Amino acid sequence: MAGRRVIAGSLLLMLLIPVLAACGSTPAAPAATTAPVVATEAPVAATEASAAEATEVPAAEATEAPTAEAPAAESQAVYTEGDLMAVAAKECGNGYTGEIKEIAATDASTVKFTLCTPDPAFRAKAAFNSFDILPAAYLESTGGNGDLLTKPIGTGPYMVESWTPGDNITLKRFDDYWGTKGLPETVVIRWSAEAAQRLLELQSGTVDGIDNPAPDAFEVIAADSTLQLLNRPALNVFYLGMNNTYPPFDNEKVRQAIAIGVDRQRIVDNFYPAGSEVASHFTPCSIPNGCTGDDWPAYDPEAAKALLTEAGFPDGFETTLEYRDVVRSYLPEPGRVAEDLQAQLADIGITAKINVVESGTYLDQASAGELKGLHMLGWGADYPDMTNFLDYHFGGGASKQFGNKFDDIVAALKDGASKPTDEERAPFYVEANNLIAQHVPMVPIAHGGSGVAYKADVKNAQVSPLGDEYFAAMDPGGRSTFVWMQNGEPASLYCADETDGESLRVCEQVTEGLLSYEQGGTAVVPGLAESCDPNADLTEWTCKLRAGVKFHDGSELTANDVVTSWAVQWDAANPLHTGRTGSFTYFSALWGGYLNAPAQ
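Residues numbered from 1 in each chain as written. Predicted model: local features only at pLDDT ≥ 70, side-chain atom pairs only at ≥ 80, totals over all residues. Heavy atoms only, no water.

A.B. asks: Help me understand the packing of aromatic side chains in this model?
C.D. replies: In this description, a pair of aromatic rings is defined by centroid distance and the angle of the planes. In the structure shown here, the tally under the stated rule is 26 aromatic pairs. On the numbers, 4.4 Å between centres and 70 degrees between planes, the contact of phenylalanine 128 with tyrosine 586 is edge-to-face. Note that phenylalanine 128 is positioned in the loop between α3 (122-126) and α4 (136-142) and tyrosine 586 in helix α17 (residues 585-591), a separation of 458 residues in sequence. Residue classification places phenylalanine 128 among the buried positions, given a relative accessible area of 4%. Ring geometry for tyrosine 239 versus phenylalanine 402: centroids 5.8 Å apart, planes at 65 degrees, classification edge-to-face. Residue tyrosine 239 is found in strand β11 (residues 236-241), and its partner phenylalanine 402 is found in the loop between α12 (386-394) and α13 (407-417); the two are separated by 163 residues along the sequence. The buried category is assigned to phenylalanine 402, whose relative accessible area is 5%. Chaining the aromatic ring pairs together yields one cluster made of Phe113, Phe122, Phe128, Phe131, Trp379, Tyr392, Trp541, Trp566, Tyr586, Phe587 and Trp591. (Phe/Tyr/Trp six-rings, centres within 6.5 Å; stacked < 30°, edge-to-face > 60°. Helix = DSSP H or I, 4+ residues; strand = E, 2+ residues; numbered from the N terminus. Buried < 20%, exposed > 50% of the residue type's maximum accessible area, 1.4 Å probe, protein only.)

Now the structure itself:
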């Protein structure tokens, strides 16, 4: 077919041997394929990243993918010959928890997603940059990690020129970009955990823009004619988390005591900038159904002490209070907030030792359920829908941050996510919000106001409610280089396997998905796909790719690149399902589960 790349060697074998197992019965093969051939063994990766390559990832040490375990439910591998790729679940349900039934290239520029249940949020999810598209050939050549973690090849307006660990990442403009070319020729991304240092660098002119000024710096920036301050809407939440697999947090009364033993208003009043608010629910109220159900119970330290006594802890207990020293929109002053929480917990009899953990390690431990004490974390919207906030944290996905899942919450969220309108979804989110307040996997504390600041001469400066500022559209006073300073160093640049905002913002400049979000907003707009349209019941979504889109390596985007990029996340048995940690947390959280998921 015209325009298709010629792929040689083991990648051709991989594309001619896609997983294609029926959902109940064997589906017809995609157009231009021949009869299926059944394989008895999973394909072997053509290349593997060496241990030396894997340990070169800056900021957080790369890890090998976990040793494959027996799947929880059999997922037969059926392979098709032909040049169009398709991947499918054997069946919906019966041990498979995922939402996706099949991803198939129906021609060189069309991909069809078939779902097990309707999903009105499909477009919003698919626009998130964890699901960006990379060349199938490059994914295969890296073995799923190695260079992929530091030098992703995308279709975006910039490509990675270099990464100097501990210092900066330099991006160069991609002149064959399909869309509007980037205004700066070069983008340099630096980082510092200290808000005061970020502001000093902006004031001295060594950087053009900074993320998350400290709350007490807002007035300083606003009063400085050489600077400009842009406020970011509070589409986020800061919370105090607990893991119910570690005592005493396996006791619901203990968790309920902590729920009413924290003065959330005091924290917002003392440590947050204007525009912040106390969280009445986990999800911000500006998101439809975010604040349905009852408000979080009021602060009552005496009742908290009584609950601890009922739980068998009349004299309280000792634990840890862990956090990462990284400024976020949802947590502008982590150290001071930790100290205040420590003092508040002491007032109800809980002695908490503060423990600061390196950011990348902390996120990995949280996702794996390895934080044994109280822990401080938060969430910024990836897309403005309840599924982004609630399903990721409390649904049936892979994250073990809060320990064992609460089946009643999981069921309510599954029902809510499958309904087509906000009105039809509302009763299930009322139920879910009330159950979260009952079971207390965490205590929602604040929706934090925040901002970004730029030099006054930066034109088209923007702030994104999703934290994905787009540098290609900004003109740094006519200078050829735009320098940005954020809070921390990325964990890696393979954002399929990352959850930290530092990684995701850099990926925003380099890689692209089928859909995207409007600059400075939350509306979904076309990306690499000109359209992604559903059938009547929202169980099939057909995406038409733009013509002539090139990757940074000069290869041309095809539907097989889309299927491969999604399949390596979806199928836990895929030899490229490795990444930095092998978690692919967003995929599981937003799409329900993996193919060939290891038995728990």
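A.B. asks: Explain the pattern of salt bridges here, please?
C.D. replies: Between side chains of opposite charge, pairing is possible as soon as their charged atoms come close. What the rule picks out here adds up to 23 salt bridges. With a shortest N-O distance of 3.4 Å, aspartate 175 and arginine 173 are connected by a salt bridge. For arginine 173, a relative accessible area of 25% translates into the label partly exposed. The partner of glutamate 498 in a salt bridge is arginine 580, with the nearest N and O atoms 2.6 Å apart. Here arginine 580 lies in the loop between α16 (559-570) and α17 and glutamate 498 lies in the loop between β20 (481-486) and α15 (501-510), a separation of 82 residues in the sequence. Take glutamate 498 and arginine 580: they sit in the same class, and that class is buried. Residues participating in the shared-partner salt-bridge network are Asp208, Lys455, Asp457 and Arg479. (Salt bridge = Lys/Arg side-chain N within 4 Å of Asp/Glu carboxyl O.)

A.B. asks: Just to check I follow, could you spell out a negative patch on the surface for this structure?
C.D. replies: Negative charge collects at one region of the surface, where Asp407, Asp408, Asp415 and Glu431 lie side by side. For the negative patch, the element with the most residues is α13, which contributes three residues. With respect to the helices and strands, aspartate 407 occurs in helix α13. On the accessibility criterion, aspartate 407 (64% relative accessible area) is exposed. (Patch = residues over 30% accessible without salt bridge, like charges linked within 9 Å, V, L, I, M, F, W, Y side chains within 5 Å. Areas by Shrake-Rupley, 256 points an atom, 1.4 Å probe, with all protein chains shown as cover. Lys, Arg positive; Asp, Glu negative; His and termini not counted. Charge placed at Lys NZ, Arg CZ, Asp CG, Glu CD.)

A.B. asks: Just to check I follow, could you spell out helix α14 (residues 422-439) for this structure?
C.D. replies: Side chains three or four residues apart in an α-helix point the same way, a direct result of the helix having 3.6 residues per turn. Its 18 residues place the ends of α14 25 Å apart at the C-alpha level, agreeing with the 26 Å of an ideal helix rising 1.5 Å per residue. At phenylalanine 428, α14 is deflected by roughly 30 degrees, the largest bend along its length. Among the residues of α14, Arg425, Ala426, Tyr429, Ala432, Asn433, Leu435, Ile436 and His439 are the ones counted as buried. Against α7 (252-260), α12, α13 and β16 (442-447) lie the buried residues of α14. Phi turns positive one or two residues past the end of α14, at valine 440, with a value near 50 degrees. (Expected span 1.5 Å × (residues − 1). Bend = angle between axes of the 7 residues up to and from the residue. Contact = heavy atoms within 4.5 Å.)

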